[in-house]
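# Breakdown of the fold
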Amino acid sequence: MGSASGGRSRGFYRAPGPLLDTTPPELDIVTVSTPEEVYEFEAVSVRGFGSDDECIEPGTYHPPTVLSDEAMKMFIGRVDGQAMAAAMGYRAESAVGVFGVTTVASARRRGYGAALTRAAMLTETGLPAILAPSKEGEGVYARLGFEHVGELSIWIRERPAP
């Protein structure tokens, strides 16, 4: 039987409203729409949260069936055709959840994460956005108008040992 472990994370909120588009000119933001792009999204996410040389079997975390969920939007940030950043937005009834914002280490501090966050906020919905940032990302989100509103409990279900 598996066990669960938990932790705490800060919850951030941003009221609905327009955002100034400061997307770097070299960054192309692609809305994921094909199975190949799902795999590309997954690969850049793993590199962004890990290291530039990490790789996984395609479909490990995000199978292409994620494309059938109309509430889920996934975005890739490419520079010169190479995936450098990723983010997801999930539209619920009363808010958009922003998840998995990451930039590969070699491309950080160029505005790519902020640009992908803006895309994932799905501002055209007119809904507020919520997220649970890493400590390193809090400044980026504050500049985008997010405010700390409370603490979240994070529970992770661990798999049983082999």
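Predicted model, so just to flag it, every value in this text is computed and none were measured. (Residues numbered from 1 in each chain as written. Predicted model: local features only at pLDDT ≥ 70, side-chain atom pairs only at ≥ 80, totals over all residues. Heavy atoms only, no water.)

### A short note on the overall build of the chain
- A tally of helices and strands in the chain yields 3 helices and 7 strands.
- For the chain, the sequential pattern of α-helices and β-strands runs β-β-α-β-β-β-α-β-α-β.
- The 162 residues of the chain split such that 39% are buried.
- Within the chain, contacts between residues at least 6 apart in sequence are counted, and of these 72% link residues at least 24 apart.
- When the accessible surface of the chain is summed, it comes to about 9600 Å², and 53% of that surface belongs to carbon and sulfur atoms. (Helix = DSSP H or I, 4+ residues; strand = E, 2+ residues; numbered from the N terminus. Buried < 20%, exposed > 50% of the residue type's maximum accessible area, 1.4 Å probe, protein only. Contact = heavy atoms within 4.5 Å. Areas by Shrake-Rupley, 256 points an atom, 1.4 Å probe, with all protein chains shown as cover.)

### Some remarks on a nonpolar patch on the surface
- Together, Tyr13, Ile130 and Val149 make up an exposed nonpolar region whose accessible area comes to about 270 Å².
- In this fold, Val149 is placed in strand 7 (residues 147-157). (Patch = residues over 30% accessible without salt bridge, like charges linked within 9 Å, V, L, I, M, F, W, Y side chains within 5 Å. Salt bridge = Lys/Arg side-chain N within 4 Å of Asp/Glu carboxyl O.)

### Remarks on the side chain of Thr102
- If you trace the backbone, Thr102 turns up in strand 5 (residues 96-103).
- Polar contacts involving the side chain of Thr102 include one to the main-chain amide nitrogen of Phe49, which spans 3.5 Å.
- Dropping the residues within four chain positions of it, Thr102 is found in contact with Val44, Ser45, Gly48, Phe49, Met84, Ala85 and Ala86. (Polar contact = N/O pair within 3.5 Å; in protein donor to acceptor, adjacent residues only side chain to side chain.)

### Regarding the nonpolar core
- Formed by 37 residues in total, the largest nonpolar core has its most connected members in Phe41, Met74, Val98, Tyr112, Tyr141 and Phe146.
- For this core, the secondary-structure elements that each account for two or more residues are helix 1 (35-49), strand 3 (72-79), strand 4 (82-91), strand 5, helix 2 (112-120) and strand 6 (129-131). (Core = buried A, V, L, I, M, F, W, Y, C linked by side-chain atoms within 4.5 Å.)

### A word on the pattern of salt bridges
- Per the stated rule, a full pass over the model turns up 5 salt bridges.
- A salt bridge links Arg78 to Glu40, with the nearest nitrogen and oxygen atoms 2.6 Å apart. Placement of the pair is Arg78 in strand 3 and Glu40 in helix 1, with a sequence separation of 38 residues.

### Thoughts on helix 1
- Its 15 residues place the ends of helix 1 21 Å apart at the C-alpha level, agreeing with the 21 Å of an ideal helix rising 1.5 Å per residue.
- For helix 1, the set of buried residues is Glu37, Val38, Phe41, Glu42, Val44, Ser45, Val46 and Gly48.
- Contact partners of the buried residues in helix 1: strand 2 (27-31), strand 3, strand 4 and strand 5. (Expected span 1.5 Å × (residues − 1).)

### Topic: the pairing of strand 4
- Where burial is concerned, most of strand 4 is hidden: 7 out of the 10 residues are buried.
- One ladder, built from 6 bridges, connects strand 4 with strand 5; its direction is antiparallel. Paired with Ala86 across the two strands is Thr102, which belongs to strand 5.
- The antiparallel pairing of strand 4 with strand 5 creates a hairpin that spans 4 residues between the two strands. (Pairing = 2+ DSSP bridges.)

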